[in-house]
Amino acid sequence: MAKLKILEFPDPRLRTKATPVEVVDDNLRAFIGDMFETMYAAPGIGLAATQVDLHKRLLITDVTADKSEPHVLINPEILERDGVTISDEGCLSVPGYYEEVERAEHIRVRFIDRQGEAQEMEAEGLLAICIQHEMDHLDGKLFVDYLSEAKRQRIRKKLLKERRHQSAAVVL
Amino acid sequence: MAVAGAKVRAVAAEVLDAVISNGESLDTAIASHEVRISPDDRSLLRMLCYGALRRHWTLQGWVAQLLERPLQRKDRVINALLRIGLYQLNDTRIPDHAAVSQTVEAARLLRRPKLAGLINACLRRFQRDNLADISPATEEARWNHPQWLIEMFRRDWPDDWEAILCANNERAPMWLRVNSSRHDAVSYRAQLGDLAIPAETLAGVPDALRLAEPRGVDELPGFAEGDVSVQDAAAQIGARWLLGSKATRVLDACAAPGGKTGHLLEVGGEEIALTAVDSDASRVESIRGNLARIGRSATIIVADASKQSEWWDGQAFDGILLDAPCSATGVIRRHPDIKLLRRASDIERLSDLQSGLLEALWPLLLPGGRLLYATCSTLSAENEAVLGRFLASHDDAVEDDVLPNNNIRDLMRRRACGYQILPGTAGLDGFYYACLEKKVS
Ligand SMILES: C[S@@+](CC[C@H](N)C(=O)[O-])C[C@H]1O[C@@H](n2cnc3c(N)ncnc32)[C@H](O)[C@@H]1O
């Protein structure tokens, strides 16, 4: 198992549109294991393959505190959505920023699971929000895209600056 | 996806723990911790900490029910975090899922990853078992005050104690004092109106404006130049009361941080010579800051006002304001930590201190002059009891019980001596005033 590197906004690779997964094999399952390790360590409650530079339609979530409800969603599709909910979202690819985003309150999704079986699932609350957030990644979209242009640019500049400081610190 | 808002909750738990376990004042604890979070999160931090202290005993009851055994001493901060979590679920509009996940995450930030699951389980159980619907088991949990203070209010205010306890747990509005040497309150209110900041005047307190919503002072036009200050309207009654008798040589005996000092100067203009004394050197610095902002000056002295030989030039005053150190039980709504930090034994000690100051300052007053005694306490022991003892032992002292204007009558409760404003009356802090006059022999 290995911890993967998470791409950070405004890395252009985060804008890639992911392609469907064709085979669910041991290789992919090993990668999924690494994704969980990466997400739990961050810590986060959801991670899309896009964020770790694999541009396949695959995401994982676990919104519990005790790692008790891991979900793997391969080639997910939203079948139904209803209600609206607004909450502060943050993203492992946009560290340190949390902003209000509007999402459907309740969704029904179809996906393929870790064993390669087709599944359907209902989700609401934080899990629903998290799945929608991660599915955006698969389309090259980030939660900051819902914010005003000015706000997005401010975040972009600050993150770039922080990164310069970090790399400078490493050189020293 | 990352969980938002864990940091502010972790910091809130640390602030709360500093107050509950270390007896730090809430203001001090917030000031030293809030630098760690982004300015956007600071109002949430305040909301969580003030709220959790307002509901202290209710939350304590729930925590006791939820934890099978108490946490270890080294993990006390998790007890505070659990309170922060319960407060959010019960009293705020933060969505439950967000409150739970962020509070759980905060346990990890507080380097207690093993206790994150415990927080999660407790918050879920609180929701599932509807603990909020169970009526509080103790008076403390019902009123969210310590028992000794409930008893004191009940004894001093047999008809009002419940209203007082409720008002103490409400949020206080923000009041402004318009600098009357520059604007009147009505014209300043019009300026605020242009900025879409609604405000109300209060009959009988001519310089006061009550804002519909609290604002940062930098949003207030002319704040930096001293056109306006932040001060509860109850505290604004004193300056005009004392100066109503045309006092010219005035002593502000317990002056820091200088709220009333500034008001005396704004109202009294160039006609008064003001001496401001306070025994706390660091707080005296804030008198200087406040006067500099409004562009006025006074003779400022760091001294124990009751030791006149150390600071007094021997020239008597015709007006003395004694805004005495007190329990601050009238401003609990602004400082909910008072409920935890005060002890029953403090009250007697304060009462002695107040009597001592009154005793020591009386000789400094000219015959015919007036001394206005004020506290932000709602307890008789610090108010009419102090004055009653004083009047009984000083033949040259009488109460001048005429109010400075009739419009404030309805705000005031007449006591055996002096007048009490109860907290929440017209949106005011709790305050006590008694005016004494020295007989001309
Ligand atoms: C209620 S506060 C005064 C508030 C102030 N008048 C205002 O309006 O901003 C009481 C003050 O009394 C001061 N104090 C306490 N004992 C004192 C003493 N013996 N002599 C002078 N000041 C004293 C405290 O330092 C504190 O600043």
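Note that the structure is a prediction, hence the values are computed from the model and not measured.

**Q** What is the right way to look at the nonpolar core in this model?
**A** Most often, soluble globular proteins keep nonpolar side chains buried together rather than apart. All names here are of chain B. Grouped together as the largest cluster of nonpolar side chains are 58 residues, with contacts concentrated most on Trp 241, Leu 264 and Met 412. Here this core gathers at least three residues from each of two domains, domain 2 (175–230) and domain 3 (233–438). With residues up to four places along the chain from it excluded, the contact list for Trp 241 reads Arg 370, Leu 372, Val 402, Leu 403, Pro 404, Met 412, Tyr 419, Tyr 433 and Cys 435. One finds Val 8, Val 15, Leu 26 and Leu 48 within the second-largest nonpolar core, a separate group that totals 50 residues.

**Q** For this particular structure, what's the right way to read the site of the ligand?
**A** Residues and elements named next belong to chain B. Lining the immediate surroundings of the ligand are 19 residues, of which Gly 259, Asp 278, Arg 283, Ala 305 and Asp 323 lie closest. One of the backbone nitrogen or oxygen atoms of Gly 258 is found 3.3 Å away from an oxygen atom of the ligand. At a separation of 3.2 Å, a nitrogen atom of the ligand approaches a polar backbone atom of Ser 279. Burial of the ligand by the protein chains amounts to 85% of its free accessible area of 600 Å². Split into classes, the residues belonging to the shell around the ligand amount to ten nonpolar, three polar and six charged.

**Q** Would you explain the domain arrangement of chain B in this entry?
**A** By a widely used convention, the size of an interface equals the accessible area lost when the partners come together. All names here are of chain B. Segmenting chain B into domains produces domain 1 (2–131), domain 2 (175–230) and domain 3 (233–438). Computed from C-alpha coordinates alone, the two centres of domain 2 and domain 3 are separated by 24 Å. Taken together, the 22 residues of domain 2 in the interface contact 20 residues of domain 3. In this assembly, domain 2 packs against domain 3 so that about 1,600 Å² is buried in total across both faces, 46% of it on carbon and sulfur atoms. The three residues of domain 2 that bury the most area against domain 3 are Trp 175, Arg 177 and Val 205, which together make up 35% of that side's buried surface. The interface formed by domain 2 and domain 3 includes two salt bridges. For Arg 177, the salt bridge goes to Glu 266, with nearest N and O atoms at 2.9 Å.

**Q** When you look at helix H10 (residues 161–168) of chain B in this model, what are you seeing that I'm missing?
**A** An α-helical turn contains 3.6 residues, so any two residues separated by three or four positions project in the same direction. All names here are of chain B. Restricting attention to buried positions, one finds in H10 the residues Trp 161, Ile 164, Leu 165, Ala 167 and Asn 168. For H10, the angular spread of buried residues about the axis comes to 165 degrees, placing them on one side. Next to the buried residues of H10 lie helix H8 (139–143) and helix H9 (147–156).

**Q** So what exactly am I meant to see when it comes to the interface of chain B and chain A here?
**A** Tallying the contact residues gives 13 residues for chain B and 21 residues for chain A. Summed over both partners, the interface of chain B with chain A buries about 1,300 Å², with 64% contributed by carbon and sulfur atoms. For the pair chain B and chain A, the interface holds zero salt bridges. One can count four residue pairs in polar contact (both at pLDDT 80 or more) joining chain B with chain A.

Analysis parameters
Residues numbered from 1 in each chain as written. Chains lettered and ligands numbered in written order. Predicted model: local features only at pLDDT ≥ 70, side-chain atom pairs only at ≥ 80, totals over all residues. Heavy atoms only, no water. Core = buried A, V, L, I, M, F, W, Y, C linked by side-chain atoms within 4.5 Å. Buried < 20%, exposed > 50% of the residue type's maximum accessible area, 1.4 Å probe, protein only. Domains from an automatic or database assignment. Contact = heavy atoms within 4.5 Å. Near = heavy atom within 4 Å. Polar contact = N/O pair within 3.5 Å; in protein donor to acceptor, adjacent residues only side chain to side chain. Areas by Shrake-Rupley, 256 points an atom, 1.4 Å probe, with all protein chains shown as cover. Nonpolar A, V, L, I, M, F, W, Y, C, P; charged D, E, K, R; others polar. Buried area = accessible area lost by both parts, 1.4 Å probe. Salt bridge = Lys/Arg side-chain N within 4 Å of Asp/Glu carboxyl O. Helix = DSSP H or I, 4+ residues; strand = E, 2+ residues; numbered from the N terminus. Arc of directions from axis to C-beta.

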